[in-house]
Amino acid sequence: LPLTTAIQIPAAAVGVEGSSVYLREGEKQTLEALLYAMMLESANDAATAIAIAVAGSGEAFAELMNRRAADMGLGDTHFVNPHGLDAPEHFTSAYDLALIASEALKNPELRKIAGTYRSSMPLGDESGARLLINHNRLLRSYDGAVGIKTGYTKTVGRTLVSCAQRGATQFVCVTLSDPDDWNDHTHLLDWAFENYEYR
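Residues numbered from 1 in each chain as written. Predicted model: local features only at pLDDT ≥ 70, side-chain atom pairs only at ≥ 80, totals over all residues. Heavy atoms only, no water.

### A short note on the nonpolar core
With 31 residues, the main nonpolar core has Leu23, Leu34, Met121 and Ile148 as its most contacted residues. Every element with two or more residues in this core is listed here: helix 1 (31-41), helix 2 (44-55), helix 4 (94-104), helix 5 (108-114), strand 5 (145-153) and strand 6 (157-166). Looking at which element gives the most residues to this core, the answer is helix 1, with nine residues. Residues within four places of Leu34 in sequence aside, it is in contact with Ile7, Ile9, Leu23, Gln29, Ala46, Ala49, Ile50 and Met121. Grouped together as the second largest cluster of nonpolar side chains are 12 residues, Tyr142, Leu160, Leu189 and Ala192 included. (Core = buried A, V, L, I, M, F, W, Y, C linked by side-chain atoms within 4.5 Å. Buried < 20%, exposed > 50% of the residue type's maximum accessible area, 1.4 Å probe, protein only. Helix = DSSP H or I, 4+ residues; strand = E, 2+ residues; numbered from the N terminus. Contact = heavy atoms within 4.5 Å.)

Here it is in structure tokens:
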């Protein structure tokens, strides 16, 4: 779908548990605005709205995700929902997340969104806007940070997929269940830049 596609928010995307931008049933948002909400605010309602617009349901979208994962040769990943909330058959690995992130960064629009610290989206048909602030602290604190995504659930704890680029050298770093992820990613990326370069 083009980023300008208008999406009417369905009832199934309203009140999804976890992080949210409090979408209301029937309001219209562009795909681009929903992507900013999903990537910056981890909005599970926005992820669900996108999934339904693309595939008809969250489950059908998860099947598209699984097909893409299979095409990429990811052996430790299986999706059952579009937002990553805890589910028994929903799993991945740090290595697979690094491969997914590296592939996603090839998309210039997604790369731009992931690297945006602050944005806004309309309040549906009302005047005013929702302020969107990226949960990824590294965008402000780490030289060359370009993304990518934070995550948290009660079962997994803190998840962070980061990326930094200096010159032609780019590194992706992934930690799962890491309570000190900001410091760990800073040290891991520092180590990588000190010891490797792209040639």
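### Quick notes on the pairing of strand 4 (residues 126-133)
Consecutive residues of a regular strand have side chains that alternate between opposite faces of the sheet. Pairing between strand 3 (residues 118-123) and strand 4: six bridges, direction antiparallel. From the neighbouring strand, Met121 faces strand 4, where its bridge partner is Arg130. Between strand 3 and strand 4, which pair antiparallel one after the other, the connecting turn spans two residues, and Gly124 there sits at a positive phi close to 60 degrees. (Pairing = 2+ DSSP bridges.)

### Some points on the state of the cysteines
Across all of its chains, the model carries zero disulfides by this definition. Cys163 forms no disulfide, and the closest cysteine sulfur to it belongs to Cys173, at a distance of 10 Å. Residue class for Cys163 comes out buried when judged on its relative accessible area of 1%. (Disulfide = S-S within 2.5 Å.)

### Brief notes about the packing of aromatic side chains
The geometry of an aromatic ring pair comes down to the distance between the two centres and the angle between the two planes. Counted according to the given criterion, the structure contains two aromatic pairs. Ring centres of Phe171 and Phe193 lie 5.0 Å apart, and the angle between their planes is 85 degrees; on these two criteria the pair is classed as edge-to-face. One end of the pair, Phe171, is in strand 7 (residues 169-175); the other, Phe193, is in helix 7 (residues 181-195), with 22 residues separating them in the sequence. Comparing Phe171 with Phe193, the two get one shared label, buried. (Phe/Tyr/Trp six-rings, centres within 6.5 Å; stacked < 30°, edge-to-face > 60°.)

### Section: the sheet that holds strand 5
Overall, antiparallel pairing links the three strands, which are arranged 5-6-7 in an open sheet. Both outer strands of the open sheet, strand 5 and strand 7, are each paired with one neighbouring strand and no more. Going from strand to strand, the sheet's axes swing by 5 degrees on average, the running direction of each strand aside. With seven bridges joining them, strand 6 and strand 7 adopt antiparallel strand pairing. Considered in strand 7, the bridge of Gln165 is made with Gln170. Together, strand 5, strand 6 and strand 7 form the strand contacts of helix 4, whose direction differs from that of strand 7 by roughly 140 degrees. (Axes fitted to C-alpha atoms, helices over the stretch in contact; angles between N-to-C directions.)

### What to know about empty space enclosed by the protein
Using the criterion set out here, one finds one cavity of 30 Å³ or more in the structure. Roughly 30 Å³ of internal volume is contained in the largest cavity. Surrounding the largest cavity, Met39, Ala101, Ala104, Leu105, Leu110, Arg111, Ala114 and Ile148 form its lining. Looking at the lining of the largest cavity, the elements with two or more residues in it are helix 4 and helix 5. Take the lining of the largest cavity: its biggest share by element is three residues, from helix 5. Looking at the lining of the largest cavity, its residues break down into seven nonpolar, no polar and one charged. (1 Å grid on protein atoms, 1.4 Å probe; cavity = no way out; pocket = protein on both sides within 12 Å on 5 of 7 lines; lining within 4 Å. Points joined across faces, edges and corners; volume = space filled by probe spheres on them. Nonpolar A, V, L, I, M, F, W, Y, C, P; charged D, E, K, R; others polar.)

### Re helix 1
With 10 of 11 residues buried, helix 1 lies mostly within the body of the structure. Along helix 1, the positions that sit buried rather than exposed are Leu31, Ala33, Leu34, Leu35, Tyr36, Ala37, Met38, Met39, Leu40 and Glu41. At the C-terminal side of helix 1, Ser42 shows a positive phi close to 55 degrees.

Remember, this is a structural readout, not a statement about activity or role.
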